[in-house]
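Take a look at the letters that make up each chain.
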Amino acid sequence: MSPSPSPATDPERIRQLRRVALSGLLGTAVEFYDFLVYGTVAALVFGELFFPGADPAVGTIAAFGTFAAGYVARPLGGIVFGHFGDRLGRKSMLLLTMGLMGGASFLIGLLPTYDTVGIWAPVLLITLRVLQGIAIGGEWGGATLMVVEHAGERRRGLWSSFTQMGAPLGSLLSSLVVTLVVAMPRDEFTAWGWRVPFLLSVVLLGVGLFVRLKVVESPLFAEVKKDRAEARLPIADVLRRPRPLLLACCVGIGAFTAQSLLTSYLIAYATGIGYARPQVLTALTVSAAVALVVLPCASALSDRVGRRPVVLTGAVLSAATAFPVLALIDSKSPGALILAVVIGHGIAQSAMYGPLGALLTEMFGTRVRYTGASLGYQGATLIGAGFSPMIAGSLVAGSGNGTPVALLICGGSLITALTVWFVRETSRTSLSGPAPEPSATPRTEGITA
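Since this is a predicted model, take the numbers as computed values, not measurements. Counting of residues starts from 1 at the beginning of each chain's written sequence and follows it residue by residue. Reporting in this predicted model follows two pLDDT cut-offs: at least 70 for local features of residues, and 80 or more for side-chain atom pairs to be given and counted; totals over whole chains, interfaces and linings ignore these cut-offs and use all residues. With hydrogens and water excluded, all non-hydrogen atoms of the structure serve as input to the side-chain values.

1. Details of the overall build of the protein
- Helix and strand definitions follow DSSP, with helices as H or I runs of at least four residues and strands as E runs of at least two, each counted in order from the N terminus. Broken down by element type, the protein carries 20 helices and zero strands.
- Radius of gyration here uses only the C-alpha atoms, and the compact-globule reference equals 2.2 Å multiplied by the residue count raised to the power 0.38. Here the protein has a C-alpha radius of gyration of 21 Å; the compact-globule value for 449 residues is 22 Å, and the two agree.
- If one aligns the C-alpha atoms of the protein with their principal axes, the spans along those axes are about 60 × 45 × 40 Å.
- Burial analysis of the protein (449 residues in total) assigns 60% to the buried set.
- Pairs of residues are marked as contacts when any of their non-hydrogen atoms sit within 4.5 Å. Taking as baseline every contact in the protein between residues at least 6 positions apart, the subset at least 24 positions apart corresponds to 86%. Relative accessibility thresholds used throughout: buried, under 20% of the residue-type maximum; exposed, over 50%; partly exposed, between the two (1.4 Å probe, protein chains only).

Take a look at the structure:
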């Protein structure tokens, strides 16, 4: 296969590829840091600060409802930023999404609480969550396809893993920062300590914008722009052939269900059955460190054996270990908690999540890739992660045990495993050619590669 077109020399391409990969890593790290800080703090204090007077369980569910609001807004962000990213260019949209995302997180740290402004407190909180969601809806797709399009035909899975690694990096940073602030006396943490993680996001934002400003436009999109071949209405082109979008949504559901339930929701669940907050945050920190190793390994492996077998292996492992993982958590042993989160999130979820960056971008042609990949990814996050914590909280409150959590993880993983059989292998597809037509019937090539 011929390399992707680029006016730059090969050494310059490699330098740009490394810079783009770093940009994607930082962008996704900001994304997950912001979202996971919110999920963690929501589980700890947002119920009493923004929804006072409610039953503690109801307050927690309401706090996670604002968490879901951010996910509901993500597909809208995918449509808006995907449209302009496919029409005007990837780089300008990525600068805008990062600035909006980090700015909204910083402002959450400045919000007055219910005791100060009454009903306006939750209204402002939800508004900023929606802005975060819109920005994040355009961030991942653009960051990932920039890496993949700069990589061309060489090791797209491995290079795209840098964007995927932003997830555990953001989780690791959020866990470390929150661990420090929750060690404060409870009254100080409730009064002002919870604001610190949100305010610190401005540091990540500044570094990310500095790196992103030095990135050049995608060479594949530059060719489309040069030929004046941009799609007039990318969303219409994507919806005209909806099967790739539907498959992209479904194949990511398992990874996002496991990610949300074994990170954000785990804080509320584990502390509710007797774990100390530092014990839960330690488990999340260890799991994120393991994921930073598993993600690039799974992504690199997908370059050799295909995306489908790696994602399928992670989905089967996630489903098979869902109930043992919950049993370890319910044992109320700190060591067992760490082992559970490492198995369920650090290993199984990471194996599903690692190849997704390359897989989803390879499923769409250059003219609509930003829109298609963004909508596929954000649709998966909405279904898999947006409502899972709220549903789990309601079911656990009704049943009194963690069985619904295991069932949700298992169900999401099985949806991913089933969808893999309907997705055509894309690891050998040329990005400069037309997008592969997804299969209408289950396929086996690539599964046994």
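2. Section: the side chain of E149
- Looking at the element boundaries, E149 is found in helix α5 (residues 120-151).
- Classification of E149 by relative accessible area gives buried; the value is 0%.
- N or O atoms closer than or at 3.5 Å make up a polar contact, with two conditions inside protein: a donor-capable atom paired with an acceptor-capable one, and, for residues adjacent in sequence, both atoms drawn from side chains. Within the local environment of E149, its side chain forms a polar contact with the side chain of S218, the two groups lying 2.4 Å apart.

3. Overview of α5
- The end-to-end C-alpha distance of α5 is 47 Å, a good match for the 46 Å that 32 residues give at a rise of 1.5 Å each.
- Most of α5 is tucked away: 25 of the 32 residues are buried.
- Directly beyond the C-terminal end of α5, a positive phi value near 70° is found at G152. For a helix, the expected span equals 1.5 Å multiplied by the residue count minus one.

4. Examining empty space enclosed by the protein
- Only protein atoms enter the calculation, which uses a 1 Å grid: trapped sets of points that fit a 1.4 Å probe without letting it out are cavities, open sets showing protein on both sides within 12 Å along at least five of seven lines are pockets, and any residue with an atom within 4 Å of a point is a lining residue. Grid points are joined across faces, edges and corners, and a volume is the space filled by probe spheres set on the points. The tally for this structure, following the rule as stated, stands at five cavities of 30 Å³ or more.
- The wall of the largest cavity is formed by F32, L36, A167, P168, S171, Q259, A291, L295, H345, Q349, S350 and Y353.
- Only α1 (10-50), α6 (156-182), α14 (277-305) and α16 (334-353) provide two or more residues apiece to the lining of the largest cavity.
- By residue number, the principal contributor to the lining of the largest cavity is α16, which donates four residues.
- Residues are grouped as follows: Ala, Val, Leu, Ile, Met, Phe, Trp, Tyr, Cys and Pro are nonpolar; Asp, Glu, Lys and Arg are charged; every other residue, Gly included, is polar. For the lining of the largest cavity, the residue count by class is seven nonpolar, five polar and no charged.
- Reported here for the second largest cavity is a volume of approximately 70 Å³.
- Lining the second largest cavity we find 10 residues, and of these F32, F35, Y71, R74 and Q259 sit closest to its centre.
- Among the residues making up the lining of the second largest cavity, the classes are represented as six nonpolar, two polar and two charged.

5. Observations regarding the packing of helix α19 (residues 388-399) against helix α20 (residues 403-420)
- All axes here are fitted lines through C-alpha atoms, helices being fitted over the stretch that makes contact, and every angle between N-to-C directions spans 0 to 180 degrees. With their axes 8 Å apart at the nearest point, α19 and α20 run at an angle of 145° to one another. Note on element contacts: α20 touches α19 through P404, V405 and L408, opposite S388, I391, A392, L395, V396 and S399.
- Here the residues of the contact of α19 with α20 are counted per class, giving seven nonpolar, two polar and no charged.

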